[in-house]
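Structure at a glance
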Amino acid sequence: MSLFQVQGLVKRFAGLLATDHVDLTVDQGEVHALIGPNGAGKTTLVNQISGLLKPDAGRILLNGLDLTPLPAHQRVAAGLSRCFQVTRIFPKATVQDNLLLAVQAHAGSSLLFWRARDSESMLYTQAHALAERVGMQNVLDKTSGSLPHGAQRKLDVALALAASPSLLLLDEPMAGMGPVESAQMVELIESLRADMAILLIEHDMDAVFRLADRITVLVYGKVLTSGTAEQIRNDAQVQAVYLGNEEIAA
Ligand SMILES: Nc1ncnc2c1ncn2[C@@H]1O[C@H](COP(=O)(O)OP(=O)(O)O)[C@@H](O)[C@H]1O
Ligand SMILES: [Mg+2]
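On a predicted model such as this, the values are computed, not experimentally measured, just so you know. Along every chain, residues carry numbers that run from 1 in the direction the sequence is written. Chain labels run from A onward and ligand labels from 1 onward, assigned in the order the entries are written. The predicted origin of the model limits local features to residues at a pLDDT of at least 70 and limits the giving and counting of side-chain atom pairs to 80 or more, whereas totals for whole chains, interfaces and linings rest on all residues. Side-chain numbers here rest on the full set of heavy atoms in the structure, without hydrogens or water.

1. Topic: the overall build of the protein chain
- In terms of regular secondary structure, the protein chain is built from 9 helices and 10 strands.
- Only C-alpha atoms enter the radius of gyration, while the globule expectation follows 2.2 Å times N to the 0.38, with N the number of residues. Taken against the 2.2 N^0.38 rule, which gives 18 Å for 250 residues, the C-alpha radius of gyration of the protein chain at 19 Å falls within 12% of a compact globule.
- Considering only C-alpha atoms, the protein chain reaches an extent of 60 × 40 × 35 Å along its principal axes.
- Remark: exposure states derive from per-residue accessible area (1.4 Å probe, protein chains only) relative to the maximum for the residue type, with buried under 20%, exposed over 50%, and partly exposed in between. Expressed as a percentage of its 250 residues, the buried residues of the protein chain come to 49%.
- Here, residues are in contact when the closest pair of their heavy atoms is within 4.5 Å. In the protein chain, once contacts between residues fewer than 6 apart in sequence are set aside, the share between residues at least 24 apart is 66%.
- Calculation of accessible area relied on Shrake-Rupley with a 1.4 Å probe; when residues are assessed, cover is drawn exclusively from the protein chains displayed. With an accessible surface of roughly 12,000 Å², the protein chain has 53% of that area assigned to carbon and sulfur atoms.
- Each charge class in the protein chain was averaged separately, 20 positive and 26 negative side chains, and the resulting centres sit 7 Å apart. Counting from the N terminus, the helices are the DSSP runs of H or I reaching at least four residues and the strands are the DSSP runs of E reaching at least two. Within this scheme the basic residues Lys and Arg register as positive and the acidic residues Asp and Glu register as negative, but His and the chain ends are omitted. Charge coordinates come from a single atom per side chain, which is NZ of Lys, CZ of Arg, CG of Asp or CD of Glu.

2. Regarding the packing of helix H3 (residues 95-107) against helix H5 (residues 149-161)
- Following both chains from N to C, one finds H3 and H5 inclined at 25°, their axes separated by 9 Å at the closest point. By the angle between their axes, H3 is roughly parallel relative to H5. In the packing of H3 onto H5, the handedness of the crossing is right-handed. Seen from H3, the contacting residues are Val95, Asn98, Leu99 and Ala102; seen from H5, they are Leu155, Ala158 and Leu159.
- Just so you know the grouping, Ala, Val, Leu, Ile, Met, Phe, Trp, Tyr, Cys and Pro go in nonpolar, Asp, Glu, Lys and Arg go in charged, and all remaining residues, Gly too, go in polar. Here the residues of the contact of H3 with H5 are counted per class, giving 6 nonpolar, 1 polar and no charged. Working convention: axes come from line fits to C-alpha atoms, limited for helices to the stretch in contact. Angles between N-to-C directions cover 0 to 180 degrees. Working rule for angles: under 35 degrees goes down as roughly parallel, over 145 as roughly antiparallel, 65 to 115 as roughly perpendicular, anything else as oblique. If you view the pair so one helix is near and one far, a crossing is left-handed when the near helix is turned anticlockwise from the far one by less than a right angle, and right-handed when it is turned clockwise.

3. What to know about the sheet that holds strand E1 (residues 4-13)
- Strand pairing is assigned whenever DSSP detects at least two bridges linking the two strands. Ordered by their spatial adjacency, 4 strands build an open sheet running E2-E1-E4-E5, and the pairing between neighbours is antiparallel. On the outer flanks of this sheet lie strand E2 (16-26) and strand E5 (65-66), each paired with one strand and no other.
- In the sheet, E1 pairs with strand E4 (residues 57-62) via 5 bridges, with the strands oriented antiparallel. Looking across to E4, one finds that Phe4 is bridged to Leu62.

4. Thoughts on the sheet that holds strand E3 (residues 31-35)
- With respect to topology, 6 strands assemble into an open sheet ordered E6-E7-E8-E3-E9-E10, the strand pairing being mixed. Unpaired on one side and paired on the other, strand E6 (80-83) and strand E10 (222-227) mark the two borders of the sheet. For this sheet the average axis-to-axis angle between neighbouring strands, irrespective of direction, equals 20°.
- Here helix H1 (residues 42-50) sits on the sheet in contact with E3, E6, strand E7 (167-171), strand E8 (197-201) and strand E9 (214-219), set at roughly 140° to E6.

5. Observations regarding the site of ligand 1
- Here a residue is near a molecule or strand as soon as one of its heavy atoms is found within 4 Å of it. Taken together, Phe13, Leu16, Ala18, Pro37, Asn38, Gly39, Ala40, Gly41, Lys42, Thr43 and Thr44 form the complete shell of residues around ligand 1.
- Here a polar contact is taken to be a pair of N or O atoms separated by no more than 3.5 Å, where protein atoms must pair a possible hydrogen donor with a possible acceptor and residues adjacent in sequence count only if both atoms sit in side chains. Measuring from an oxygen atom of ligand 1, one finds a backbone N or O atom of Gly41 at 2.9 Å.
- Thr44 places a side-chain nitrogen or oxygen 2.5 Å from an oxygen atom of ligand 1.
- Bound to the protein, ligand 1 loses 56% of the 560 Å² it would expose on its own.
- Of all the elements in the fold, those that place two or more residues in the shell around ligand 1 are E2 and H1.

6. Some remarks on the pattern of salt bridges
- Any carboxyl oxygen of Asp or Glu within 4 Å of a side-chain nitrogen of Lys or Arg constitutes a salt bridge here. In this structure the tally under the stated criterion is 8 salt bridges.
- One salt bridge connects Asp27 with Arg214, and the closest N-O pair in it is separated by 3.8 Å. In this pair, Asp27 sits in the loop between E2 and E3 while Arg214 sits in strand E9, placing the two residues 187 residues apart along the sequence.
- Look at Asp27 and you get partly exposed, because its relative accessible area is 32%.
- Classification of Arg214 as partly exposed rests on a relative accessible area of 22%.
- Between Asp213 and Arg193 there is a salt bridge, and its shortest N-O distance comes to 2.6 Å. One end of the pair, Asp213, is in the loop between helix H7 (205-211) and E9; the other, Arg193, is in the loop between helix H6 (179-192) and E8, and 20 residues separate them in sequence.

Nothing here speaks to function; it is geometry throughout.
Structure (structure tokens):
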């Protein structure tokens, strides 16, 4: 059974079927990219997966657990963590303080078993480990809002990692990045795949083709097709959807 399953998901906005009976699976260790032209329903789907929007029908399962009735924070606790297009960073706080807050939020009641001094040092250790994970150990004392865009997006990934997700949802992680920052983000995502499955929504098709084990193409709320990067690149239907572009562009 797949780690993550979306089954028969439906979302209607007035007369519009924004999510039209969508089925999607993400396997253990897989990077699965979701692409589709503007208005295809990517954001609507992601918002239902993370718990911001309630589907009209269908189910969302992680590790066999039905997440559909759960609020967003319980989905995070169950192993589904999301990065945001609009980041959730506290801009006036340092990188270290942002990380400490995230680590503390997810440590929860487990800290009660430790003496104050021990729990504090444990939080610092975990915050520093997260910084190292995303290559930000040298900017711990910097004000987060003063960092370049790419570094803020990396910090956002680190905040999502604080929850130790089994599935990481990345919503356009390369948005607004130049080629150097994009390449760094690709490298970071590549380094995460050993530890978690990833559902990647991304417009940068170079990045998608480089990272994705499988690609699902969404059009008018429906899954048009799903396959390997090679299959999607050569799919006549997919090419037709993106007609007018020399290369497939989301
Ligand atoms: N809250 C909403 N109310 C009504 N229509 C919406 C709402 N959110 C999205 N839509 C519509 O649903 C369709 C899918 O939108 P969206 O999920 O944002 O697509 P994408 O992220 O792929 O560009 C679009 O036609 C959009 O106009
Ligand atoms: Mg969108």
